[in-house]
Protein chains: 2
Amino acid sequence: MTSHPAGEPAAEPAGPPPNPRRAEILAAAAELFARRGYHGVSIGDLGRAVGLTGPALYRHFSGKEAVLAEMLLDISERLLAEGARRAADPDPGHALDALLRWHIAFALDNPALITVHERELDTVPAAQRHRVRRLQRAYVEEWVAVLRRLNPGLPDDRTRAAVHAAFGLLNSTPRSAAGLDRAAMSALLHTMARAALQSAT
Amino acid sequence: MTSHPAGEPAAEPAGPPPNPRRAEILAAAAELFARRGYHGVSIGDLGRAVGLTGPALYRHFSGKEAVLAEMLLDISERLLAEGARRAADPDPGHALDALLRWHIAFALDNPALITVHERELDTVPAAQRHRVRRLQRAYVEEWVAVLRRLNPGLPDDRTRAAVHAAFGLLNSTPRSAAGLDRAAMSALLHTMARAALQSAT
DNA sequence: CGACGTTGTTAACGATCGTTAACCGGAAGG
DNA sequence: CCTTCCGGTTAACGATCGTTAACAACGTCG
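All figures in this text were calculated on a predicted structure; none of them were measured in a lab.

1. Overview of helix α7 (residues 156-171) of chain A
Right, so step 1: A rise of 1.5 Å per residue sets the reference length of α7 of chain A, with its 16 residues, at 22 Å; its end C-alpha atoms lie 22 Å apart and thus fit the reference within 8%.
Right, so step 2: Within the span of α7 of chain A, buried status applies to Thr159, Ala161, Ala162, Val163, Ala165, Ala166, Phe167, Gly168, Leu169, Leu170 and Asn171 of chain A.

Next comes the structure, spelled out in structure tokens:
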């Protein structure tokens, strides 16, 4: 209750004032990219989704690839920053539960972002693709480090594979959208992911 | 040893003789669609991948969408047919293990097919999309039925959500490709998925 | 009031897309 | 030997793509 996953950033110490149009475009683009894929969405579609014509988009982004790049960088940074905070809990069991709670809440709140994040990495321009990959790897390593504390002596590559598999489980919900309500789905995912990870160690 | 997941069909009782060019194109298309997405692959790319020019493709398929549609129908039918065979085991515990073995083997043998199968359903023309969806649902129901036999009295929507989550876990491997060899990865996925499903029931 | 930066528009560009047309070499069959 | 079909080619089509240019409405500030 002291913090919640999708909270408002309130104000960053440095950086330009957050342009609401940019955020609006990014949100609409996430939805469209998730549904039809990056190449299945045109600049015209993107503009229309926020009530503008296509070329208006160039007032806010340098191009279509820049929209995707900023989107993926933002997601990766948020996952890593919040993940690192949760993983810092001195009790590795609590850290793992906190990681699970955070990741599940993020996935349930932002299904489109999760989908694009794991599908369109190769589409992003090389320059920023490396940064995104580095952030993704670092996020995985937060999980691996917690699991290593829970069970030292396990080979790291096996632990890494288990973490990737757990992410697959957690990130699949955007596309299933079963008849369960949010609380039930959250609890189910938590239970299943924890059981899967424990069985692998 | 009486059967293996990726076995040759040998000969179907009815239907045209299997054109090797069609199969070659479908295999190349699966790889490309998985890597760059349906809209990120052009007819020229498709032809080039099998040593032809773009328009040559129209000697074997009525168009680009037909390639995708046939690909998804074929996958869905194979999954359902083989899944139903495994699920028929009178012992539900054995049936679940057989389903897990089959699905894991298929995913490890055909990572591109698994990827396209779960990503591009909305891209397929409506006519055949409904058939694919029906087959996919039937495959899920095979799993749900086995789990119901293992634990009667559980609400079906929860079981269905658990199955979807388990598929997310199993299908994530194509995109992780960790440092484990095939046998180790197969065993790890089996263990994790079974633990996840058991924890949900 | 006038200059200006901001944010939108429509029009137009070159490139690329999926698809069709027209043609061509070679194998098979009478 | 001639015909026919099969599976390829190159050329060309209209549509659509991402992007840029040129222009307009509007608030702000000197």
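2. Quick notes on the protein's contact with DNA strand C
Right, so step 1: Lining the immediate surroundings of DNA strand C are 15 residues, of which Arg21, Thr53, Arg59 and His60 of chain A together with Tyr58 of chain B lie closest.
Right, so step 2: Of all atoms in DNA strand C that approach within 4 Å of the protein, 54% are sugar or phosphate atoms.
Right, so step 3: At a separation of 2.5 Å, a phosphate oxygen of DNA strand C approaches a polar side-chain atom of threonine 53 of chain A.
Right, so step 4: Between DNA strand C and the protein, one listed contact pairs a phosphate oxygen with a side-chain N or O atom of tyrosine 58 of chain B at 2.5 Å.
Right, so step 5: Taken together, the residues of the surface near DNA strand C sort by class into seven nonpolar, four polar and four charged.

3. Some points on the protein's contact with DNA strand D
Right, so step 1: Taken together, 15 residues form the shell around DNA strand D, and within it Tyr58 and Lys64 of chain A together with Arg21, Thr53 and Arg59 of chain B come nearest.
Right, so step 2: Backbone atoms, meaning sugar and phosphate, make up 55% of the atoms of DNA strand D lying within 4 Å of the protein.
Right, so step 3: Between DNA strand D and the protein, one listed contact pairs a phosphate oxygen with a backbone N or O atom of valine 41 of chain A at 3.4 Å.
Right, so step 4: Its residues placed into classes, the surface near DNA strand D shows seven nonpolar, four polar and four charged.

4. Topic: the UniProt feature "domain: HTH tetR-type" (unreviewed entry) in chain A
Right, so step 1: According to UniProt, the "domain: HTH tetR-type" (unreviewed entry) feature falls on residues 19-79 of chain A.
Right, so step 2: Secondary structure over residues 19-79 of chain A splits into 66% helix and 0% strand, and the C-alpha atoms at its two ends are 22 Å apart.

5. Some points on the interface of chain B and chain A
Right, so step 1: Residue-level contacts link 32 residues of chain B with 32 residues of chain A.
Right, so step 2: Here chain B packs against chain A, burying approximately 2400 Å² in sum over the two surfaces, 69% of which is carbon and sulfur.
Right, so step 3: On the chain B side of the interface with chain A, the three residues burying the most area are Arg119, Leu188 and Met192 of chain B, jointly 20% of the side's total.
Right, so step 4: Listed by contribution, the elements that provide at least two residues to the side of chain B that touches chain A are α1 (20-36), α5 (111-119), α7 (156-171), α8 (173-176) and α9 (182-199) of chain B.
Right, so step 5: A per-class count over the side of chain B that touches chain A returns 15 nonpolar, nine polar and eight charged.

6. So, the packing of aromatic side chains
Right, so step 1: For the structure shown, the criterion picks out 10 aromatic pairs over all chains.
Right, so step 2: Measuring from ring centre to ring centre gives 5.5 Å for tryptophan 102 of chain A and phenylalanine 106 of chain A, while their planes differ by 45°; the resulting arrangement is tilted. With tryptophan 102 of chain A and phenylalanine 106 of chain A both in helix α4 (residues 92-109) and four residues apart, this pair spans about one turn of that helix.
Right, so step 3: According to the relative accessible area criterion, phenylalanine 106 of chain A is buried, its value standing at 2%.
Right, so step 4: These aromatic residues form a ring-pair network of at least three members: Tyr139, Trp143 and Phe167 of chain A.
Right, so step 5: Over the face of the ring belonging to phenylalanine 61 of chain B we find arginine 22 of chain B, whose NZ or CZ atom lies 4.4 Å from the ring centre.
Right, so step 6: The lysine or arginine in question, lysine 64 of chain B, covers the ring of tyrosine 38 of chain B, its NZ or CZ lying 4.2 Å from the ring centre.

Cut-offs and rules
- Residues numbered from 1 in each chain as written.
- Chains lettered and ligands numbered in written order.
- Predicted model: local features only at pLDDT ≥ 70, side-chain atom pairs only at ≥ 80, totals over all residues.
- Heavy atoms only, no water.
- Helix = DSSP H or I, 4+ residues; strand = E, 2+ residues; numbered from the N terminus.
- Expected span 1.5 Å × (residues − 1).
- Buried < 20%, exposed > 50% of the residue type's maximum accessible area, 1.4 Å probe, protein only.
- Near = heavy atom within 4 Å.
- Polar contact = N/O pair within 3.5 Å; in protein donor to acceptor, adjacent residues only side chain to side chain.
- Nonpolar A, V, L, I, M, F, W, Y, C, P; charged D, E, K, R; others polar.
- UniProt positions renumbered as here; feature names shortened; annotations may be inferred.
- Contact = heavy atoms within 4.5 Å.
- Buried area = accessible area lost by both parts, 1.4 Å probe.
- Phe/Tyr/Trp six-rings, centres within 6.5 Å; stacked < 30°, edge-to-face > 60°.
- Lys NZ or Arg CZ within 6 Å of the ring centre and 35° of its normal.

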